[in-house]
Amino acid sequence: QVQLVESGGGLVSAGGSLRISCAASGRTFGTYAMGWFRQAPGKEREFVADISWGGGFTNYADSVKGRFTISRDNTKNTVYLQMNSLKPEDTAVYYCASARRRSGGNYDERDYDYWGQGTQVTVSS
């Protein structure tokens with residue numbers, strides 16, 4: 001059974017920074033790409049970023065490019081999302097997910113087979 005547990009969400013002022021984490025268990029973590037998605041109230045879940053199995057390739061949504069950084073530590077079975085210059089429109093529940101393949105470029109929810117429970121990030125103006 002694969003488990004993904006997010007942590008590190010919270011309340012931050014606009015312009016601030018936050019790092020959220022996702023700890024994985026039950027699967028050979030370093031074998032699969034990982035991704036972050038988010039869902040704001042009243043909106044559909046959207047792609048934020050993904051990272052290939054070894055961490056060498058990353059992809060970002062245009063809305064977060066240059067502000068967010070995805071990374072992973074395969075020795076700790078953990079993937080991170082460093083969020084800088086946060087804006088109120090970044091407010092959402094953030095979900096990590098494990099992809100069905102090793103390579104990056106997994107932009108669709110259907111590219112993933114395991115999901116975490118989500119962590120709330122709230123950015124105040």
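For the structure, check the block above.
Residues numbered from 1 in each chain as written. Predicted model: local features only at pLDDT ≥ 70, side-chain atom pairs only at ≥ 80, totals over all residues. Heavy atoms only, no water.

**Notes on the overall build of the protein**
- Regarding its fold elements, the protein presents zero helices and eleven strands.
- Written out in order from the N terminus, the α and β elements of the protein read β-β-β-β-β-β-β-β-β-β-β.
- The C-alpha atoms of the protein give 13 Å as radius of gyration, which agrees with the globular expectation for 125 residues (14 Å, within 12%).
- With the C-alpha coordinates aligned to their principal axes, the bounding extent of the protein is approximately 40 × 30 × 25 Å.
- Pairs at least 24 apart in sequence give 59% of the contacts found in the protein among residues at least 6 apart.
- With the model as given, the accessible surface of the protein reaches about 6300 Å², and the carbon-plus-sulfur share is 46%.
- The protein carries 14 positive and 12 negative side-chain charges, and their two centres are separated by 4 Å. (Helix = DSSP H or I, 4+ residues; strand = E, 2+ residues; numbered from the N terminus. Rg over C-alpha atoms; globule rule 2.2 N^0.38 Å. Contact = heavy atoms within 4.5 Å. Areas by Shrake-Rupley, 256 points an atom, 1.4 Å probe, with all protein chains shown as cover. Lys, Arg positive; Asp, Glu negative; His and termini not counted. Charge placed at Lys NZ, Arg CZ, Asp CG, Glu CD.)

**Digging into the sheet that holds strand S8 (residues 78–83)**
- Spatial ordering of the open sheet is given by S1-S3-S8-S7, a layout of four strands whose pairing is antiparallel. Two strands lie at the open edges of the sheet, namely strand S1 (3–7) and strand S7 (68–73), each paired on one side alone. The sheet shows a mean angle of 15 degrees between the axes of neighbouring strands, taken without regard to direction.
- Strand direction decides the pairing type here: strand S3 (residues 18–25) and S8, joined by six bridges, are antiparallel. Following the sheet pairing, Leu18 is matched in S8 by Met83. (Pairing = 2+ DSSP bridges. Axes fitted to C-alpha atoms, helices over the stretch in contact; angles between N-to-C directions.)

**Structural notes on empty space enclosed by the protein**
- Summed over the entire model, instances satisfying the criterion amount to one cavity of 30 Å³ or more.
- Approximately 40 Å³ is the volume attributed to the largest cavity.
- What lines the largest cavity is Val2, Leu4, Ala24, Arg27, Phe29, Met34 and Ser98. (1 Å grid on protein atoms, 1.4 Å probe; cavity = no way out; pocket = protein on both sides within 12 Å on 5 of 7 lines; lining within 4 Å. Points joined across faces, edges and corners; volume = space filled by probe spheres on them.)

**Description of the pattern of salt bridges**
- Under the criterion given, the structure shown has six salt bridges.
- Across the pair Asp62 and Lys65 runs a salt bridge, and its minimum N-O distance is 3.1 Å.
- By relative accessible area, Asp62 is classed as exposed at 66%.
- Three or more residues joined by partner-sharing salt bridges are found here, namely Arg38, Glu46, Arg67 and Asp90. (Salt bridge = Lys/Arg side-chain N within 4 Å of Asp/Glu carboxyl O. Buried < 20%, exposed > 50% of the residue type's maximum accessible area, 1.4 Å probe, protein only.)

**Quick look at the state of the cysteines**
- A complete count under the given rule lists one disulfide for this structure.
- Paired through a disulfide, Cys22 and Cys96 show a sulfur-sulfur distance of 1.9 Å. In this structure, the disulfide formed by Cys22 and Cys96 twists by about 40 degrees around the S-S bond and is classed as right-handed. Note that Cys22 is positioned in strand S3 and Cys96 in strand S9 (residues 92–99), a separation of 74 residues in sequence. The same class applies to Cys22 and to Cys96, which are both buried. (Disulfide = S-S within 2.5 Å.)

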